[in-house]
Structures are given as C-alpha cells and as structure tokens.
Amino acid sequence: MKRISRRAFLRGASSLGLLPLVSRGLAEPAAAQASQDNAAETMLWFTRPASRWIDALPLGNGHLGVMVHGGVDGNAWEEHLALNEDTLWSGYPRDGNNPDASHHLQPLRDAVLTHADYHLGDRIAHQMQGRFDEAYQPFADVLISMRPASVVAEYRRELDLDRACASVRYTADGVAYRRDVFVSAPDGVIVVRLGADRAGSIDATVALDAALKGSTGVYADGRLQLTGKAASHIGGNGRPITPDPVEKSQVVGEGMFFATSLRLLHEGGTLAVADGKLVVTGADTITLVIGGATGFHGARSRPDTPLSQVIARAWHDVGEACKQSLDTLMDRHVADHQALFRRTSLRLGKLAPSTDPTDRRRADLADRPDPSLFALYFNYGRYLLIASSRPGSQPANLQGLWNDLVRPPWNANYTTNINLQMNYWPAHTCALAECATPLHDFIATLADTGHIAARETYRLPGWVSHHNSDIWASANPVGQGIGDPYWANWAMSGPWLCSHLYDAWLFTGDREFLRDKAWPAMKGAAIFCLAWLVDDGKGGLTTCPSYSTENEFVAPDGAVAQTSAGCTMDVALLGELFANCIEVAQILGVDNDLVLKLKVAHGKLPPYRIGRFGQLQEWSEDFAESQPGQRHMSHLYPLFPGREFTPRRTPKLAAAARVALERRLAHGGGSTGWSRAWAVALWARLGEGEAAFASLATLLRDHTSANLFDTLPVDDGPIFQIDGNFGGTAAIAEMLLQSHAGEVALLPALPKSWPDGSVRGLRARGGFIVDIAWSDSRATSASLICQRKNSLSLRVPAGQVVTSVFMDGKAFDATADNDGLLQLQGKAGLNIQLSFS
C-alpha cells in the first residue's frame, strides 16, 4: 500500500473542531456548559465511560457501524470500538420450506372451520413449519490502550447528532486528551483521531480482535488486518436443542469470509510492532482509518467470494481514504450527514434546556419537566435511521446496525410481524425517504423467495412471507416443529410490507417507483392472498389458519389456543392491500381482470366486530383473552399504522379501538419499548395528546437505556431493540402532523406539556413539506411547500381560525369550512404561508 504523508493527512484538523489542540473546552467548565446549552436537542453526553455495550455510543454509515465505549480498564485508558458490517450474517441461501407442509393445510382448515378444534389446528400447524433463519453477526473489536494515568478528571463522552461524531475528552496528569470517531458514508471508512494538548503525550497500543476471529496480521508500516469466517448456521431463539448451536463449516460458501482492515498514521513519536499489536510511543496525534468487507454478494448467491478478494475489498476504501486529508474526509462526512439530518428539526418548550448529562436528564424526567429531552429523542431516532439504513445497504435489523453477540436475541434478524416495519415508520414523515430504499429493495428480494415459499409450503400462486427473515430473504414459516404457531406460522407479513411501498407512493408521487418497484410486489402479494382466502360457510371469505400475532385466546373448553380463522389483523391487512392494489392498477392502467377479482373478494371479507366490553375484537369470535396485557396490539392495525379507522370517518370503530387500547394498557400492555411506542402512535391517531404524552414519557423513563437505546426488560439485564426508537420518533411526528385521512392535520395531538415549540421539515402525504410554530398550546403559523401539483385539504387546529393565507408571498382569500378544513390547490414549488388565531 502506498504510504502518504502524515503531515498532509493531518493538516487542518484544528480548524474543523475535530481535534482542538488546546484544552479550553475541557479546562473551563462554563464553556463546555454553554456548548451543552446550545445542543440540548442534538447532543448526548455523559460523565463516565460506558460500562456495558448497550450504553456505548452508536455511529454508522448504513454499512459499517461502531459502538464507542470511551472506557477505562484498570489503570489504563482503553477505548473499545465494537464494529459491525451490515452483510456479516451466518449461513447461506437454503430452501427452508417444509416439503410436507402443503399436505397439512386442508386438515388444519377442517379442524378449525368444520370442527372448531383449535387445539388440533395448533398441533397440525407445527407440522407445517420449516427451518429457522440466520443471525446477524459481530464484526470486530478495535482496542486502544493508552498511557496509564494516576489522576483522571473532566471526563466527557458525547455523541453529536448533528455532525454524527462521537468524542471522548478527559485530562490525565495535566494533559488534556481527546478522541474523535466518525463513520463516513461517502468514503466508506471509520476514522478515529487521538490527540492531546501537549506534544509527544500519546502512547497507545492498538489491536484487533473478534468473536469470529480466524487470524490477524500486523505490519511495520502501520497496518492491522483481521480475517474470519461466519458460521454456516445459527438457529434462533427456541430452536431445537443441539450440542453446538453455532454450526461451523470449512466449505467455501457455507458461511462467508470477512476481513477488517486498519491503517495507523501518527504525527511525531515512533511506531513499533509487538505481540500482534501496533505500539506508538511519544506521538502528537494518531489517526486510524478502518474498513471492512465480507464475502456476501447477493441474497440468492452463495457467499463464496475467496478470502483474498474479501481482503482486497477491505483495504480498498482504506487506501482511497488515506489519499485524502483529514479535513476532506470530515467535511465530506458532515456534509453528507447533514444533508439528511438537517431536513427536519424540532424545538420544544420555553424552559431553559437542561444542562445535565443525558442519563441524568432521563432519570429525572418524572420529577422535572424537560421538553427538550423529547426533542432529543425525536432527533436521535432520525439519526439512528440515517446511520443504519442507506441506499445500497441492508435494511435496519432488529438492532439496527449494531450487535456484539454471535447469538444475539432473536438473531437480530428481520422480525416481520411489526419490528422491521416499525423501523421504517419515520422514514417518510421525517424526510428520510432515501433511508427507506433498503427496505424496498429487500421486499423485492423477499417477493422472489416468497414465490418459492407459497408454492412449496402451500401449493399456491403469488408470494408469501412469514414472521422471520434474514439477509438471505428467507420466507418460509420457521419453527422446525417446535415454534409457537402464533409467531412461526403467521403468514401476513407480505401485505404489511406492501403497505410501505404504497405509502412511499403517497409521499413521493414517484410513478416510476410505483410501476417498477411497488406494483410487482403488491400484485404478487394480492394474488397469494386471493388464493389464501377460503369460504367461511356463510357466503363470505375468511383466512385460515389465522393468528393474532403472538397472542393466545381461551377456547370454548377453557384451554388456550392460537390457531383460528379471520383474525382482525388479517381482515385489516387484506382489505388494505386489496384497496391499494385496485387503486394502483387503475392508476397504471393494468391488470383489469385482477382488479375485478379483488373487488369481489374485498366485498366478501369479514366485517370488524365489537366485543362484549365494547372493544374491537381481536379474533372473529369474542374469545376471552389469555393475555389481556399482551405487548402486541395487532387488531389495532387499522387505526395505526393503517389508515382505515379515524375518529371522524369511522367513529364507532375508532371508539372500539380506543376501548381495546385502554384495556390492553390497563392490563400491563406496552411493557416493551416498541409496544409502548406503538401506543403513543395509536393515541396520537385518536387525537389524545395527553394519553400519547403519558405513554411517550413511559417509553423514555422505563424502556430506554442510558444512551437512549430502546430496551426490552429481561431478568439478566435489558435487551436492545431499535424498533422502539424508530416507533417513538414516528409517534412524535404523528402528534404534530397527520396526513393519513386524505387531509393534512396540524397539531392533531399536541400535549399540554409542550405548550410552545416549532417543527420544521415534516412531510405529508400528497407531497408537502410542513413547518409549524405554536405558543401557549395554539398554532401561530405554518408553511407548506408543495413538491408537486396536488389539491390540499388542510385541517386547522381545533378551536382556531386562519387569519391570513399567502401563496408565494401574495395574499390569498381562503376560509376554513365549518368542519375546520381549508381547501387549497397546490402546484410544484408553491409556498403557502398561514397564520392562526
């Protein structure tokens, strides 16, 4: 590798603020305090290192991720950078379908529909299950040990959301040290910078390690390399017990090779090699440039890239990055990130922002109002989506981009009965449409494997997917005969995923996307669902087997069961898919015969039913609930994220959904972060700002780690699941702006705890960019920029009137009707300004 001038590489770092070589910010607490006052909504910071992986600070560019611990180990400061690469998964493409499954479909339907023997249905469902899917894997660990210190003071660990940079600062033995880390999307590398305010003060040892380590190499020119091979199979939670749950293979393509590359550049001091590590003594600064690659080359191809090619790819981006100055790398990184992050902003409250560390702010939330903490949480969710999902990357998985375990909870896979979908709830409302492209690409691949699953598991046309998937786009029902049917056999993720494609069309109006990406997947899912429906014996159609995700009911004999027919969520998903497909086919002028079939089937779907408590029924029968506080609230799909129920358009069904939500939460529902985030969004759709805020406060207080990661409680410590972060951000957006009911509603669920604030850059369906400002709990102004020609039905906040309308700076005479709707006609680029009283 060509060695570059370290002076050229390091030139100008101070001017960026990346590594100030003076300690003014550390030595003067007031200055640091002032900085925090200006960043309460975009800065996470702490006064101690992360003692656990789950509390470290996340960075990422969609492909490469890193968790920054900023840690201390005994008498030596040690930075632990836990790395991930988005394509490093166990396994390889395999047909996981059960070849005998189709033979059991009719007996199962007979058991449920003819004999009402739900327990027999459960037993037969086990016989239809296939292979478990694969696991997302940890990539590598960079360990940086520095000079032992007798006294350490003024420690600060921070994550700047606006610049996507993590920093650690401290003083030791009179020297001010600083470390900075960022992950560049334009250049595809991780950059680490170590510096001090006294020349020659940096002594550091740098090593690479990994849970999957095969071998390491260290070179005198400042290079480190680590290679390994992923397991051929890692089954998920609940898989059959085997002597070794991590199955390994030496066969090329049965598990992928991977390589981590690191280049160390130093200013001053000396570089040596010892014990497989790089050792620098007496340096002024050190810069690490880190890259990585795997043997993955497509979901349907065996990952059989030779190790030599993987290594070459791992070094390529590092080599290219080392041709640039640090200024250039940093500038390109920040510009790329801010082009996405700064599209939207949220300010809440007139209260002076808290100057406390983030963990203390969260801990004090119950006792001290802190509106800006909710704005920070909103911004953090947007930041995490930018970091974990970019065009060309894999979709954000159950942990986004970050994982430290070979056997992570639920394989850190794509759980498609809400979790994957929730990851992308904020993408369009929060102006991050590009970040949703990995999901759209994944759906297209899943449709391909789903055709195989539909044919082999059910002998039906179209495509189907179930509860779990992975990088190989597995679509079969997992479980291997021991999985609970209410998750393993649930076959409705295809329609739910297709709703994201249709929603993307509503936001963007991209006809090419609709024709080439959305319609093929939607059409294939609809074809399967038409074939999946069966006669209910009463002149209608129903689904069987049917499951309300991960919930059981009490059968007539008093025992719990899972398998039934026509669950409410099935009805909602199929009704939505059919209606969307009818509309899209008519827009595109295609598939008239299919449209006719969809219209007939749509009219024969079961009606929604209201149960004995006034609640929206979860099942077609008003079964007693075995888990009335279940975390899943799938029967409330038509309220959110669906668009079918609204308090104005369907008041009786919305009221029944409200009762169901109240009952769920009263019995302990919302007990996980993602479930509580869903509750926030449901309350927002009901226009209940106070209830939404109460659930949002519970989410932050009870289901969030110190670094604001969403958590799920377990006996031995919290588990990280990123879905709640994304769901919480999306729910906050729903409290401030809604556009699902054919109108743009301003401040539909504003809580009293946010009497003053402003939001900029939210997106509404129909192609509108929306800014809103409010004071004393009343909107004061709003602006809407039309991204394309479209009519606009604008719902004015309740109890308010429009006092002025300006269109491209010209006064326009318009008045809201008695229902609070203002009708306007937009055109591309039109700027509409409104004032309210």
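Above this text is the structure in question.
Conventions and cut-offs
- Residues numbered from 1 in each chain as written.
- Predicted model: local features only at pLDDT ≥ 70, side-chain atom pairs only at ≥ 80, totals over all residues.
- Heavy atoms only, no water.
- Helix = DSSP H or I, 4+ residues; strand = E, 2+ residues; numbered from the N terminus.
- Rg over C-alpha atoms; globule rule 2.2 N^0.38 Å.
- Buried < 20%, exposed > 50% of the residue type's maximum accessible area, 1.4 Å probe, protein only.
- Contact = heavy atoms within 4.5 Å.
- Areas by Shrake-Rupley, 256 points an atom, 1.4 Å probe, with all protein chains shown as cover.
- Lys, Arg positive; Asp, Glu negative; His and termini not counted.
- Charge placed at Lys NZ, Arg CZ, Asp CG, Glu CD.
- Polar contact = N/O pair within 3.5 Å; in protein donor to acceptor, adjacent residues only side chain to side chain.
- Arc of directions from axis to C-beta.
- Pairing = 2+ DSSP bridges.
- Axes fitted to C-alpha atoms, helices over the stretch in contact; angles between N-to-C directions.
- 1 Å grid on protein atoms, 1.4 Å probe; cavity = no way out; pocket = protein on both sides within 12 Å on 5 of 7 lines; lining within 4 Å.
- Points joined across faces, edges and corners; volume = space filled by probe spheres on them.
- Nonpolar A, V, L, I, M, F, W, Y, C, P; charged D, E, K, R; others polar.

(A) Quick look at the overall build of the protein. A count of helices and strands for the protein gives 22 helices and 39 strands. In terms of overall size, the protein behaves like a compact globule, its C-alpha atoms giving a radius of gyration of 27 Å where 837 residues would be expected to give roughly 28 Å. Its C-alpha atoms put the protein at 85 × 70 × 50 Å along the principal axes. Within the protein, buried positions represent 62% of all 837 residues. Counting only contacts in the protein whose residues sit at least 6 apart along the sequence, the fraction spanning at least 24 positions is 72%. Split by element, the accessible area of the protein, about 28,900 Å² in all, is 50% carbon and sulfur. Averaging the positions of the 77 positive and the 88 negative side-chain charges in the protein gives two centres separated by 4 Å.

(B) Structural detail: the side chain of Asn 707. With respect to the helices and strands, Asn 707 occurs in the loop between α21 (689–702) and β28 (711–712). Given a relative accessible area of 0%, Asn 707 falls into the buried group. Polar contacts involving the side chain of Asn 707 include one to the main-chain carbonyl oxygen of Ala 56, which spans 2.5 Å. At a separation of 3.0 Å, a polar atom in the side chain of Asn 707 contacts the main-chain amide nitrogen of Phe 709. For Asn 707, the contacting residues outside a window of four places in its chain are Leu 44, Phe 46, Ile 54, Asp 55, Ala 56, Leu 57, Pro 58, Met 67 and Tyr 380.

(C) Structural view of helix α5 (residues 105–114). Turning to α5, its buried residues are Leu 105, Leu 108, Arg 109, Ala 111 and Val 112. For α5, the angular spread of the buried residues around the axis is 160°, confining them to a single face. In this structure, the buried residues of α5 make contact with α6 (118–126), α13 (437–458), α16 (511–532) and β23 (534–535). Positive phi appears at Ala 116, one or two residues downstream of α5, with a value of about 50°.

(D) Just the sheet that holds strand β13 (residues 223–229), in detail. Taking strand neighbours across the sheet as the criterion, the 9 strands line up as β1-β7-β8-β9-β10-β19-β16-β13-β12 in an open arrangement whose pairing is antiparallel. The sheet terminates laterally at β1 (43–46) and β12 (213–219), the two strands that pair on one side only. Taking each pair of neighbouring strands and ignoring which way they run, the sheet shows an average axis angle of 15°. With 7 bridges joining them, strand β7 (residues 152–160) and strand β8 (residues 165–172) adopt antiparallel strand pairing. Bridge assignment links Leu 159 to a residue of β8, and that residue is Ala 166. Here helix α8 (residues 326–341) sits on the sheet in contact with β8, β9 (175–184) and β10 (189–196), set at roughly 55° to β9.

(E) Spatial organisation of empty space enclosed by the protein. Overall, the coordinates contain 6 cavities of 30 Å³ or more when judged by the stated rule. Counting only elements with at least two residues in the lining of the largest cavity, the list comes to α12 (426–429), α15 (493–508), α17 (568–588) and α22 (723–736). If one sorts the elements of the lining of the largest cavity by residue count, α15 sits on top with 7 residues. Here the residues of the lining of the largest cavity are counted per class, giving 12 nonpolar, 7 polar and 6 charged. Considering only enclosed or pocket space, the second largest cavity measures out at about 100 Å³ in volume. Along its surface, the second largest cavity is lined by 14 residues, and Gln 615, Leu 616, Glu 618, Glu 625 and His 635 are the ones closest to its centre. A total of 3 residues in the lining of the second largest cavity trace back to one element, the largest contributor, which is helix α19 (residues 651–666). In the lining of the second largest cavity, the residues fall into 5 nonpolar, 3 polar and 6 charged.

(F) Examining unusual backbone geometry more closely. The residue after Cys 544, namely Pro 545, is reached through a cis peptide bond having omega 5°. Positionally, Pro 545 belongs in the loop between β24 (541–542) and β25 (553–554). Cis geometry is found at the peptide bond from Phe 640 to Pro 641, where omega equals 10°. Relative to the assigned elements, Pro 641 resides in the loop between β27 (624–625) and α19. Positive phi values are uncommon outside glycine, yet Ala 431 reaches one of about 65°. When you line up the elements, Ala 431 lands in the loop between α12 and α13. Judged by its relative accessible area of 4%, Ala 431 is buried. Not every positive phi belongs to a glycine, and Leu 708 is a case in point at roughly 75°.

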